[in-house]
Amino acid sequence: MDKTNDDNGLSEHPFRMGRGDFARKMFHFWGITPLLLLCALALVGIIAGLLIDMRYSILALMVVFILMPTVMMFLYYYHGLSENCRFNIVDHNLYVEEQALRVSMYFPNPTEADADALKQMDFFIDYDRIRSFKVFDKSVVFPIGTPVNGFVWLPLSAFDSVDDFRKALDKISAKIKKS
């Protein structure tokens, strides 16, 4: 997977988001509120277990070990596998089109005799659905929709230099401001 054959791609080569980074970004957008509520409920249960009855501590442990993982799993399946998020975890590249941001995803093609043959699938995101962007330490994330129902991740590592990264951000920002 060297270079894509289209010259208006933001990056010289396809990129993908790592699992840990994907989980952190999802948690940033959707997991903080549920986790804080469940932690508060568990804390109240532990305090009530110490002061009132031990059974409340058992309920608090059930919240921590049963309810919290279930909520996090729901967040992953509901948000992480939605059409506005799933392209981040496969090899893809971003293209600035006139009306929309095109996400080209690349999958191995088992029907081709050539082992390096890739199947391309395109997904379009209208610029008016991208409201702003959030800057992280080595990437920029563009939330999609109001309320946020997905995001586009643009890492610094996908570019050869910081200037190329800035140019890509300028291209996307110009289109967002116009819409």
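Higher on the page you've got the structure.
Residues numbered from 1 in each chain as written. Predicted model: local features only at pLDDT ≥ 70, side-chain atom pairs only at ≥ 80, totals over all residues. Heavy atoms only, no water.

> Any chance you could explain the packing of aromatic side chains here in plain terms?
Applying the stated criterion across every chain yields a total of eleven aromatic pairs. Here the aromatic rings of phenylalanine 29 and tryptophan 30 are separated by 5.8 Å at their centres, their planes lie at 50 degrees, and the arrangement is tilted. Ring geometry for phenylalanine 74 and tyrosine 78: centres 5.5 Å apart, planes at 10 degrees, overall stacked. Remark: tyrosine 78 and phenylalanine 74 occur in helix H2 (residues 54–80); sequence separation between them is four residues, near one turn of the helix. (Phe/Tyr/Trp six-rings, centres within 6.5 Å; stacked < 30°, edge-to-face > 60°. Helix = DSSP H or I, 4+ residues; strand = E, 2+ residues; numbered from the N terminus.)

> I keep staring at the sheet that holds strand E1 (residues 92–96) and nothing clicks. Help me out?
The strands making up a sheet are joined through hydrogen bonds of the backbone, oriented either antiparallel or parallel. Reading across the sheet, the three strands line up as E1-E2-E3 and stay open at both edges, with antiparallel pairing between neighbours. What marks the edges here is a single partner per strand, and that holds for E1 and strand E3 (118–126). Neighbouring strand axes in the sheet, compared pairwise and without regard to direction, differ in orientation by 25 degrees on average. Sheet analysis places E1 next to strand E2 (residues 100–108), joined by five bridges and oriented antiparallel. Residue histidine 92 lies in a different strand from E2, and its bridge partner there is methionine 105. (Pairing = 2+ DSSP bridges. Axes fitted to C-alpha atoms, helices over the stretch in contact; angles between N-to-C directions.)

> For this particular structure, what's the right way to read H2?
Relative to the 39 Å expected for 27 residues at 1.5 Å per residue, H2 spans 37 Å between its end C-alpha atoms, a close match to the ideal helical length. Bending of H2 peaks at approximately 35 degrees at the position of valine 63. When H2 is considered as a whole, its buried residues turn out to be Ser57, Ala60, Val63, Met68, Leu75, His79 and Gly80. Tucked into the core, H2 has its buried residues touching helix H1 (19–51). (Expected span 1.5 Å × (residues − 1). Bend = angle between axes of the 7 residues up to and from the residue. Buried < 20%, exposed > 50% of the residue type's maximum accessible area, 1.4 Å probe, protein only. Contact = heavy atoms within 4.5 Å.)

> Just checking my understanding: could you explain the sheet that holds strand E6 (residues 150–155) for this structure?
Read from one edge of the open sheet, three strands run E4-E5-E6, paired in antiparallel fashion. Two strands lie at the open edges of the sheet, namely strand E4 (134–135) and E6, each paired on one side alone. One ladder, built from six bridges, connects strand E5 (residues 139–144) with E6; its direction is antiparallel. Of the residues in E6, the one forming a bridge with valine 141 is tryptophan 153. Along the sheet, H1 contacts E4, E5 and E6; its crossing angle with E6, the most-contacted strand, is approximately 135 degrees.

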